[in-house]
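Architecture at a glance
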Amino acid sequence: MSRFTGRRVASVLAGAGAIVLMASVPAHAASYFRGYEGSDYAGVGADRRWVEVCDMEKDGNGVYATFIVRGSTGGNTVGDGNGSAAGCGNRTFSGDVLGFSICEDQPVGNSSCRTYTL
């Protein structure tokens, strides 16, 4: 095998390896959006319709997010019903999510919120 052919084979194999690596990354990974309130977060999937809300702090404070959904007039609040245990709350809306506010319930009925626009 000539040196030129050996380089060509190596180049083709390296390119094939890069394609396999790119194919193994989930398509939504690049366009999934998360907004945080402390360590707690709300996320919106690449389709802008699937959402999740995750309580990541073992502090006894509940976490919820209210989503602004195109064509919807309300009822768009999702919480993490099991607190900081494994698993998150999620939902799929019929319209595109345009933004959201994620809130953590604080003692004495107060909430701490952050708002995000997509």
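Residues numbered from 1 in each chain as written. Predicted model: local features only at pLDDT ≥ 70, side-chain atom pairs only at ≥ 80, totals over all residues. Heavy atoms only, no water.

The residue E104 is located in strand β7 (residues 97-105) in this model. The contacts of E104, once residues within four sequence positions are left out, are E37, D40, E57, D59, N61, G62, V63, N110, S111 and S112. (Helix = DSSP H or I, 4+ residues; strand = E, 2+ residues; numbered from the N terminus. Contact = heavy atoms within 4.5 Å.)

Moving on, we come to the state of the cysteines. All told, the structure shown has two disulfides when counted by the stated rule. With its sulfur 1.9 Å from that of its partner, C54 forms a disulfide with C88. Its torsion about the S-S bond being 115°, the disulfide of C54 and C88 is classed as right-handed. Of this pair, C54 sits in strand β3 (residues 50-54) while C88 sits in the loop between β5 (77-79) and β6 (89-92), placing them 34 residues apart in sequence. Residue C88 is classed as partly exposed on the basis of its relative accessible area, which comes to 31%. Across a sulfur-sulfur distance of 2.1 Å, C103 and C113 are joined as a disulfide pair. Residues C103 and C113 are joined through a disulfide that is right-handed, its torsion about the S-S bond being 110°. Residue C103 is found in strand β7, and its partner C113 is found in strand β8 (residues 111-117); the two are separated by 10 residues along the sequence. (Disulfide = S-S within 2.5 Å. Buried < 20%, exposed > 50% of the residue type's maximum accessible area, 1.4 Å probe, protein only.)

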